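Coordinate inspection notes
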Amino acid sequence: MTAPAPLEMRSGEGADVVLRGATVLDPVAGIEGTHDVVVRAGRVAELAAPGAAPADGAEVVEAESLHAFPAFFDPHVHLRVPGQEHKEDIETGSRAAAAGGYCGILAMANTEPPVSTPADVEALREAARESASVLTGFLATVTRGMAGEELTEMAALREAGALGFSDDGLPIRSARLLRRALQYQRLSGGTIALHEEDPELSGDGVMHEGPVSAALGLAGIPSVSESTTIARDAALAAYEGARIHVQHLSAAESVEAVRAAKAAGVQLSCEASPHHLCLTDEAVRSLDPRRFKMNPPLREESDREALIEGLRDGTIDCIATDHAPHATEEKEVPFEQAAMGVTGLETAFAALHTELVLPGTIDLALLVERLAGGAAPFGIERPTLAPGSEANVALCDLGAEWTVGEEGYESRSQNSWCAGRKLTGRVLMTLAGGQVAYRLRSFSLGVAA
Amino acid sequence: MKHLLTIEDLSRAEIEAILDRTESFAEVGRRDIKKVPTLRGRTVVSLFYESSTRTSSSFELAAKRLSADLVSLKAAGSSVDKGESLKDTCATLSAYDPAAIVIRHPYAGAAQLVAGWTEAAVVNAGDGKHEHPSQALLDLFTLRRRLGSLEGKRVWIVGDVLHSRVARSNLVAFRAMGAEVTVCGPPALIPRGIEQLGCAVSHSLDGLGEADVVYALRLQRERMKESFVPSLREYAARFQIDSRRLGPRQLLMHPGPVNRGVELSGEAVDSPQSLIAEQVASGLVVRMAILYELLAGGGGDRTAPAEGEPEQRPTPIGQPA
């Protein structure tokens, strides 16, 4: 197996920063306490006693009332490059990630044209070295042009730097073709990430099938469209001894299918998105596609509860935003005609902190752990604050209250599911790949002594 | 009432007010001169993105009876054909400063969107499979004339509930007026979870005898291809309302157009229990009442004169133009 290629970002100076007196929480490294987080030349030099670290020419941030976490990692982002730069590009998408406290993202391959050749991957990596604010990796498609008919040159794509494979946006209909890809994975390596949906069952559905779709007269996407496909693919992965990653889990039945597969020893990881953890199909009653139309769809409260339980017990390995920017004109149309997808990078932490941590549904430590849990399934080292490691830090004010705007995002698009929501908790500063990737404009900084 | 978008938005009192207003228009309809000057000088736009006979013609005639200027647009042959978005079409039509836009659209929520983009009162004349509130109001009016109150009455809605905006609006409307509703049809044509709207669900006509009103829905022939039902014959055998199944004291309704021999037998359509012709007649007067309530009726913020402006009272109905 080829070793995973490095993630790419714009080269720049390593940060020299002291986060003075921050409340540090890195659950995986077992770090919890008040420290001066000392970053020198882009690496965590030490976690000193509060007030003890000398500035030594570094920028000093007074962080007494702030939290420092390992920055987050999102394995499911749509950067829309190439071909749909009117929605997003590497620069705007990675800036949105940095604003959300992310140090790393993986971009999906369902672009125009899809990322299916080694040259495509190389061009994207080159572009990321020019313009990415955070560590950025690229997946390639499983099937050529996402047509679902022939495999891509998976081994050559890996050599060119593809971090994994996915036809995300579409399921792989053919069990035969998926099986071939799983067999070929032995040669190429690279996790195969799967959008799990049976198009026959989804039909022309535009929202979850249930009482709300019955009331609105909208065609429904039944939960079993997702869960039956997961069961099929887990069985194939088990049979071929392959590694798969299940994307954007939405239904209780799916959590059960993943739990059963994990119990049976299948090499499978999975993700859930903030909107599925915070919202239900009740939101669709507004018929607002900009905020509430996505695939998989928002489901019922019992599904949301099952996702949260999956997050708690480890069935769900990580939180992934499925950040899916769309242009305004694709969303200013009746619900059934609108494009599927919402943006989420800039609000993920704040939304989950507000909706799940503050009411006591999950612990802060669990949220911090799962927000960076998306690296490991793709063979990427998870961000940590342990001394000696590359500086990947999210500095947050857990008490900050803010209202998400209708516009003014770092992302080029405005289809945030959080638009208009009042959130508590805000990312003030992000270090990614050893560099200062983001600071909130209104966040005044201490000056180097 | 600023717009008529869904039945769900209406209180029972608002429904009653429209039905009361309808009574007075029904009286106007019996005169030799059927036109009133209420909306003289005001413009009503009729914007139909789907083919329609009775809804578009009755709304258009209703507007003319109220002396409004009418702009009638069909999707075919207009700028919509050339790919203009709903938002842009709406902006274009707003240049005529319409008092009302009546819209029929193949997708749910279209009327609600238009309401956000225009100053005009918006009337939903059917949005996808979502709602068709003027149909529900005309059905309520038809039943009120026959039965008086719907309180405690039993209504069965029979057929393709899944694809029917009429079923959804009527279910909500019948319940709002105090009726008990049962929806009945083959399982694949009953939406999952519909019982949470407060109705009973049946997959057989065996209990139909309890119904005071039988409301049959159109079964589109395309449903066979998608295997919602195996064949028209099998559907008709189990779900057709015919003279054998329809009791002498039961009332029969249908939103039209009827597939004779499919959801209704020919004898049932022509039976004395059938209110189908009365429904069509109610359509015109109910739509006059809807336009009146939105554009000239009391309580609407549109008609309240701003401070300092001379009060403009709508011309009372009954005065010939």
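Residues numbered from 1 in each chain as written. Chains lettered and ligands numbered in written order. Predicted model: local features only at pLDDT ≥ 70, side-chain atom pairs only at ≥ 80, totals over all residues.

**Considering the environment of Val 61 of chain A**
Quick reminder of the rule: Per the convention used, a helix needs a DSSP run of H or I reaching at least four residues, while a strand needs a run of E reaching at least two, with both numbered from the N terminus.
You can see Val 61 of chain A is positioned in strand β4 (residues 59-62). Sequence separation between Val 61 of chain A and Met 429 of chain A is 368 residues; the distance between their C-alpha atoms is 9.9 Å.

**Points about the interface of chain B and chain A**
Quick note on the threshold: The contact criterion used here is simple: two residues whose C-beta atoms, placed from the backbone, lie within 7 Å are in contact. Under the grouping applied here, Gly and all other residues not named as nonpolar or charged are polar, the nonpolar ones being Ala, Val, Leu, Ile, Met, Phe, Trp, Tyr, Cys and Pro and the charged ones Asp, Glu, Lys and Arg.
On the side of chain A, 18 residues touch chain B, which itself brings 21 residues to the contact. Taken together, the elements giving at least two residues each to the side of chain B that touches chain A come down to α3 (86-94), α4 (110-117) and α6 (165-176) of chain B. The leading source of residues in the side of chain B that touches chain A is α4 of chain B, at three residues. Among the residues forming the side of chain B that touches chain A, the class breakdown is eight nonpolar, eight polar and five charged.

**Some details on helix α2 (residues 54-65) of chain B**
All names here are of chain B. Spelled out, the test is: Helix span, as expected, comes to 1.5 Å for every residue beyond the first. Labels follow a simple rule on C-beta atoms placed from the backbone: if 20 or more others lie within 10 Å of a residue's own, it is buried; if 12 or fewer, it is exposed; otherwise it is partly exposed.
In this model, α2 (12 residues) spans 16 Å end to end at C-alpha, consistent with the 16 Å of a helix rising 1.5 Å per residue. Looking at α2, one finds that the buried residues are Thr 55, Ser 56, Ser 58, Phe 59, Ala 62, Ala 63 and Arg 65. Elements that come into contact with the buried residues of α2 comprise β1 (43-48), β2 (69-74), β3 (100-105), β4 (121-127) and α9 (276-295). Following α2 by one or two positions, Ser 67 adopts a phi angle in the positive range, close to 70°.

**A look at the environment of Asn 295 of chain A**
Within the secondary structure layout, Asn 295 of chain A lies in the loop between α10 (289-292) and α11 (301-313). Counting along the chain gives 98 residues from Asn 295 of chain A to Glu 197 of chain A, while the straight-line C-alpha distance between them is 9.4 Å.

**Thoughts on the pairing of strand β14 (residues 267-272) of chain A**
Looking along a regular strand, one sees the side chains alternate between the two faces of the sheet. All names here are of chain A. To keep things clear, this is the line we draw: We call two strands paired when DSSP finds no fewer than two bridges between them.
Taken across its six residues, β14 has five buried, putting it largely inside the fold. Sheet topology note: the strand β13 (residues 243-246)/β14 ladder contains four bridges and is parallel. Across the sheet, Val 246 pairs through a bridge with Cys 270, a residue of β14. When β14 meets strand β15 (residues 318-319), the two strands line up parallel, connected through two bridges. Looking across to β15, one finds that Glu 271 is bridged to Cys 318.

**Focus: the sheet that holds β15 of chain A**
Here we have five strands laid out as an open sheet, ordered β9-β10-β13-β14-β15 (chain A), and parallel in their pairing. Two strands in the sheet have a free side with no partner beyond their single neighbour: β9 (164-166) and β15 of chain A.

**Section: the sheet that holds strand β6 (residues 180-184) of chain B**
All names here are of chain B. Heads up, the condition is: Fitting a line to C-alpha atoms yields each axis, with helices limited to the stretch in contact; the angle taken between N-to-C directions then spans 0 to 180 degrees.
A sheet is described by the order of its strands in space; here five strands give the open sequence β7-β6-β5-β8-β9, paired in parallel fashion. The open sheet has two edge strands, β7 (200-202) and β9 (251-253), and neither has a second partner. On average, each strand axis in the sheet is inclined to that of its neighbour by 20°, with strand direction left out of account. In terms of strand pairing, strand β5 (residues 154-158) meets β6 through five bridges, oriented parallel. Pairing of Arg 154 across the sheet is with Glu 180, part of β6. In this fold α6 packs onto β5, β6 and β8 (213-216), with an angle of close to 155° to the strand it touches most, β6.

**Overview of the domain arrangement of chain B**
Residue and element names in this part refer to chain B. Inclusion rule: Domain start and stop positions are those given by an automatic or database domain assignment.
Per the domain assignment, the segments of chain B are domain 1 (12-132 + 280-295) and domain 2 (133-278). Distance from the C-alpha centre of domain 1 to the C-alpha centre of domain 2: 26 Å. Taken residue by residue, the interface counts 22 residues in domain 1 and 21 residues in domain 2. Secondary-structure elements contributing two or more residues to the side of domain 1 that touches domain 2 are α1 (12-28), β4 and α9. In terms of residue class, the side of domain 1 that touches domain 2 is made up of nine nonpolar, eight polar and five charged.

**What about the packing of helix α7 (residues 223-240) of chain A against helix α8 (residues 252-263) of chain A?**
Residues and elements named next belong to chain A. Basically, it comes down to this: Any angle that falls under 35 degrees is termed roughly parallel, while one over 145 is termed roughly antiparallel, one within 65 to 115 roughly perpendicular, and all others oblique. Crossings are classed by handedness, with left-handed meaning an anticlockwise turn of the near helix from the far one by less than a right angle and right-handed meaning a clockwise turn.
Two numbers describe how α7 lies on α8: the axes approach to 8 Å, and their chain directions differ by 10°. One way to sum up the angle between α7 and α8 is to call them roughly parallel. For the crossing formed where α7 meets α8, the hand is right-handed. Touching Ser 223, Val 224, Glu 226, Ser 227, Ile 230, Ala 231 and Ala 234 of α7 are Glu 253, Ser 254, Ala 257, Val 258 and Ala 261, all from α8. Partitioning the contact of α7 with α8 into residue classes produces seven nonpolar, three polar and two charged.

**Some points on unusual backbone geometry**
Among all residues except glycine, the phi angle is most often negative; among peptide bonds, the trans geometry is most common. Residue and element names in this part refer to chain A. Looking along the chain, the bond that leaves Glu 112 and enters Pro 113 is cis, with omega of 0°. Mapped onto the secondary structure, Pro 113 falls in the loop between β7 (102-107) and α2 (118-131). Note the cis peptide between Asn 295 and Pro 296, where omega equals 0°. Even without glycine at this site, Ala 41 takes up a positive phi of about 50°. In this structure, Ala 41 sits in the loop between β2 (31-40) and β3 (43-48). By C-beta crowding, Ala 41 is classed as exposed, having 12 other C-beta atoms within 10 Å. Of note, Arg 80 is a non-glycine position whose phi angle comes to about 65°, a positive value.

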